[in-house]
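# Observations on the three-dimensional arrangement
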Amino acid sequence: MSTLLLVVGVVVGLAYIYRHIVVKGKRCTSEAKLDGKTVIVTGSNTGIGKMTAIDLAKRGARVIMACRSKQRGEAALEDVKRESGSHQVLFMQLDLGSLKSVRNFAETFLKSEPRLDILINNAGIYLQGRTEDGLGMMFGVNHIGHFLLTNLLLDRLKECEPSRVVNVSSMAHNFGKIDFDCLNKHKALGLGTSFMEVLQVYSDSKLCNVLFTHELAKRLRGTKVTCYSLHPGAINSELARNTSSTLQMLLSPVTAFFFKNTVQGAQTTLHCALQEGIEPLSGRYFSNCTVREVYPKAKDDATAKKLWELSERLTALA
């Protein structure tokens, strides 16, 4: 019995350490104030995007919550105002699955807002399908929408430098690949609908985020606009709300214990947006508030350039 109790005690102790040290992770330590600064956070009606918006609003920033759903966005707007104590928070509708919506958003923003100091490309989707422009859904929303948005707002970011672009990726990018044949033929990263095939396409879209950041940093050399990609951690959020209800039910005990909550999950985003002194690390990938090395495929110059040029064609920027 004493041996059993000892084993149980060790297991409980290790679980506590994992839950409170490994899962919880580091916190953003920046004390930066953002009075007079303007920030856009896409997908900020829920999850880590919402927590990011609250933190930035508390620091005095004018926060633009760029979200697809008007109903959910306006409801979240009231939450962010209440929790941050700030009224310098606005909702602007943005559907990243519509190139027309992205252009309309950028046009409205540039006409109404004189500054843009930080652009946080946070929104993401885990769902197969097609956008209204005929692109694969995850390719269109997770990459192309943010690619177009960033390019349309780059001049304003340069006018307000030093400024930053933060792209929320995932460690899933490690398992990603870029199938240019499939992109050229089908405007999608993959066509499968099985669990593993959908997961592969999601991973591919997250690799696009890292490669986009790598190439963007090269194109921003000589300016004071810097950019970063990041893994927020395994987050207990609404990202997988489009998966089956059965899978969600089975995973709920796991996510509750092993995954970060949304406040913890927002910390690396905040670090990349605010931390002083990381400007020389522009184009790099962060996890747990720390710069990390990536596999060669995630920093391959030729692949990043090829993806950029394809993205320019698909968005009519070229």
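In what follows, the structure referred to is the one given above.
The sections below set out a description of the structure shown in this document. As the structure is a prediction and not an experimental result, all values here were calculated from the model.

### Looking at the pairing of strand 3 (residues 89–93)
With 5 bridges connecting them, strand 2 (residues 62–67) and strand 3 associate as parallel partners. Note on strand 3: the bridge partner recorded for Val63 is Val89. As a crossover connection, the stretch from strand 2 through helix 3 (residues 70–84) into strand 3 is right-handed.

### Description of the sheet that holds strand 3
In space, the 8 strands of this open sheet follow the order 3-2-1-4-5-6-7-8, with mixed pairing throughout. Every interior strand has two partners, whereas the edge strands, strand 3 and strand 8 (290–292), have only one. Taking the axes of each pair of neighbouring strands and ignoring which way they run, one obtains an average angle of 25 degrees across the sheet. Sheet strands touched by helix 2 (residues 47–58): strand 1 (38–42), strand 2, strand 3, strand 4 (118–121) and strand 5 (163–168). Its angle to strand 1, the strand with the most contacts, is close to 170 degrees. Strands in contact with helix 3 are strand 2 and strand 3; relative to strand 3, the strand with the most contacts, it is inclined by about 170 degrees.

### Let's talk about the pattern of salt bridges
For the coordinates displayed, the defined rule picks out 17 salt bridges. The shortest N-O distance in the salt bridge between Lys70 and Glu74 comes to 2.9 Å. Of this pair, Lys70 and Glu74 both sit in helix 3, 4 residues apart, roughly one helical turn. On the basis of relative accessibility, which here comes to 44%, the residue Lys70 falls in the partly exposed class.

### So, the packing of helix 4 (residues 99–112) against helix 5 (residues 137–159)
Relative to each other, helix 4 and helix 5 sit at 20 degrees, their axes nearing to 10 Å. Viewed along their axes, helix 4 and helix 5 adopt a mutual orientation that is roughly parallel. As for the relative orientation of helix 4 and helix 5, their crossing is right-handed in sense. Taken together, the residues of helix 5 that come into contact with helix 4 (itself represented by Leu99, Val102, Arg103, Phe105, Ala106, Phe109 and Leu110) are Ile144, Gly145, Leu148, Leu149, Leu152, Leu153 and Arg156. Considered class by class, the residues forming the contact of helix 4 with helix 5 number 11 nonpolar, 1 polar and 2 charged.

### Quick look at empty space enclosed by the protein
In total, this model carries 1 cavity of 30 Å³ or more according to the counting rule given. Lining the largest cavity, in full, are Asn121, Ala123, Asn142, His143, His146, Asn167, Val168, Lys206, Asn209 and Phe212. Of all the secondary structure elements, the ones that give two or more residues to the lining of the largest cavity are helix 5, strand 5 and helix 7 (195–219). Looking at the lining of the largest cavity, its residues break down into 3 nonpolar, 6 polar and 1 charged.

So, how was this worked out
- Residues numbered from 1 in each chain as written.
- Predicted model: local features only at pLDDT ≥ 70, side-chain atom pairs only at ≥ 80, totals over all residues.
- Heavy atoms only, no water.
- Pairing = 2+ DSSP bridges.
- Helix = DSSP H or I, 4+ residues; strand = E, 2+ residues; numbered from the N terminus.
- Right-handed = clockwise from strand over helix to strand, strands pointing away.
- Axes fitted to C-alpha atoms, helices over the stretch in contact; angles between N-to-C directions.
- Contact = heavy atoms within 4.5 Å.
- Salt bridge = Lys/Arg side-chain N within 4 Å of Asp/Glu carboxyl O.
- Buried < 20%, exposed > 50% of the residue type's maximum accessible area, 1.4 Å probe, protein only.
- Parallel < 35°, antiparallel > 145°, perpendicular 65-115°, else oblique.
- Left-handed = near helix turned anticlockwise from the far one by under 90°.
- Nonpolar A, V, L, I, M, F, W, Y, C, P; charged D, E, K, R; others polar.
- 1 Å grid on protein atoms, 1.4 Å probe; cavity = no way out; pocket = protein on both sides within 12 Å on 5 of 7 lines; lining within 4 Å.
- Points joined across faces, edges and corners; volume = space filled by probe spheres on them.

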